[in-house]
Amino acid sequence: MMDLVTVLDADSLEPLFDGAQPMRVTVRESSKLTSWPVEDGTQRTDHRVLDPVEIDLGVLITEANKNLFESLRQTFIEGRSLVVQTQVRSYPAMMIFEMPHDELPETGDAVAVSVKLREVITIKPEFGTLPPSSVADQKQASTVKRGAQQTQAADAPTQRKSSTLYRIAN
């Protein structure tokens, strides 16, 4: 019988957690619809936001492979990026965000661990120069090639432009 799920390291694509006995896999793919009321009292929707994929993976760890729990925990602590392969789809960029477990006398030497994974998409900011032609105020253009600039206090007497009321009161 084929395994319900395989968890792979995202960098090396090596299978992780050999010996884990998956009991159940639940994959949640959801979205949110943005809505607003209109004059007649009805709701309108014009946009949908996809939520990160979440996977609940129930695993049974027996006495024979107790070191598997430490491997799971270490992956959780490190925040490693994982690929989860189910019977119908592969889910990249997954990370363990929760792993509660139950230790019950009726399960004997086995421990049930509920591994919860969430899709993580990181955004890398882009930095670049801003040419003076792209801004209304030339002072907001890129300062990379301007060298060291001397600053002065914002309330310096020579630069202060005060209101008429301020000049009357002072």
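Values in this document were obtained by computation on a predicted structure and should not be read as measured data.

Conventions adopted
Residues numbered from 1 in each chain as written. Predicted model: local features only at pLDDT ≥ 70, side-chain atom pairs only at ≥ 80, totals over all residues. Heavy atoms only, no water. Core = buried A, V, L, I, M, F, W, Y, C linked by side-chain atoms within 4.5 Å. Buried < 20%, exposed > 50% of the residue type's maximum accessible area, 1.4 Å probe, protein only. Helix = DSSP H or I, 4+ residues; strand = E, 2+ residues; numbered from the N terminus. Contact = heavy atoms within 4.5 Å. Phe/Tyr/Trp six-rings, centres within 6.5 Å; stacked < 30°, edge-to-face > 60°. Lys NZ or Arg CZ within 6 Å of the ring centre and 35° of its normal. Pairing = 2+ DSSP bridges. pLDDT = per-residue confidence, 0-100. Expected span 1.5 Å × (residues − 1). Polar contact = N/O pair within 3.5 Å; in protein donor to acceptor, adjacent residues only side chain to side chain.

Peer 1: Any chance you could explain the nonpolar core here in plain terms?
Peer 2: Across soluble globular proteins, nonpolar side chains have a tendency to be buried as a group. Residues Leu72, Val115 and Leu117 are the most contacted members of the largest nonpolar core, which totals 21 residues. Secondary-structure elements contributing two or more residues to this core are strand 1 (5-9), strand 6 (54-61), helix 1 (67-78), strand 7 (82-86), strand 8 (90-98) and strand 10 (111-119). Once residues lying within four places of it in the same chain are set aside, the contact partners of leucine 72 are Phe17, Ile61, Ile96, Met99, Val113 and Val115.

Peer 1: When you look at the environment of leucine 8 in this model, what are you seeing that I'm missing?
Peer 2: By the element assignment, leucine 8 lies in strand 1. For the pair leucine 8 and serine 81, spaced 73 residues apart in the sequence, the C-alpha separation amounts to 8.9 Å. With residues up to four places along the chain from it excluded, the contact list for leucine 8 reads Leu13, Glu14, Pro15, Leu16, Ser81, Leu82 and Val83.

Peer 1: Teacher, can you tell me more about the packing of aromatic side chains here?
Peer 2: Geometrically, a pair of aromatic rings is defined through the distance of the ring centres and the angle of the planes. In this structure the tally under the stated criterion is zero aromatic pairs. In this arrangement the basic side chain of arginine 118 is found over the ring face of phenylalanine 97, its NZ or CZ atom lying 4.1 Å from the centre.

Peer 1: Can you help me understand the pairing of strand 1 in this one?
Peer 2: Regular strands place side chains that alternate from one sheet face to the opposite one. Counting buried positions along strand 1 yields four of five residues, so the element is predominantly enclosed. Direction of pairing for strand 1 relative to strand 7: antiparallel, over a ladder of five bridges. When the sheet's bridge partners are listed, valine 5 is paired in strand 7 with threonine 86. Connecting the antiparallel pair strand 1 and strand 2 (residues 15-16) is a turn made up of five residues, with leucine 13 showing a positive phi of about 60 degrees.

Peer 1: I keep staring at the confidence of the model for the protein chain and nothing clicks. Help me out?
Peer 2: Interpretation of this model should avoid reading the predicted coordinates in detail wherever pLDDT is low. Scored by pLDDT, the protein chain comes out at a mean of 83, with 81% of its residues at no less than 70. Of all the helices and strands in the protein chain, helix 2 (residues 164-169) carries the lowest mean pLDDT, 73, while strand 8 carries the highest, 96.

Peer 1: Got a minute to help me understand helix 1 in this structure?
Peer 2: Because an α-helix packs 3.6 residues into every turn, residues spaced three or four apart end up facing the same way. Here helix 1 contains 12 residues, and its C-alpha end-to-end distance of 17 Å stays within 8% of the 16 Å for a straight helix at 1.5 Å per residue. Next to the buried residues of helix 1 lie strand 6, strand 7, strand 8 and strand 10. Two residues or fewer past helix 1, glycine 79 is found with a positive phi of approximately 65 degrees.

Peer 1: What exactly am I supposed to notice about the pairing of strand 7 here?
Peer 2: Most of strand 7 is tucked away, with four of its five residues classed as buried. Between strand 7 and strand 8, which pair antiparallel and follow one another directly, the connecting turn spans three residues.

Peer 1: Looking at this structure, how should I read the environment of lysine 32?
Peer 2: In this fold, lysine 32 is placed in strand 4 (residues 31-37). In this structure the C-alpha to C-alpha distance between lysine 32 and histidine 47, which are 15 residues apart in sequence, comes to 8.5 Å. Setting aside residues no more than four positions away along its own chain, lysine 32 makes contact with His47, Arg48, Val49 and Asp51. Reaching out from lysine 32, the side chain makes a polar contact with the side chain of aspartate 51 at a distance of 3.0 Å.

Peer 1: For this particular structure, what's the right way to read the side chain of threonine 86?
Peer 2: Inspection of the secondary structure puts threonine 86 in strand 7. If we skip the residues at most four places from it in the chain, threonine 86 touches Leu4, Val5, Val25, Val27 and Tyr91.

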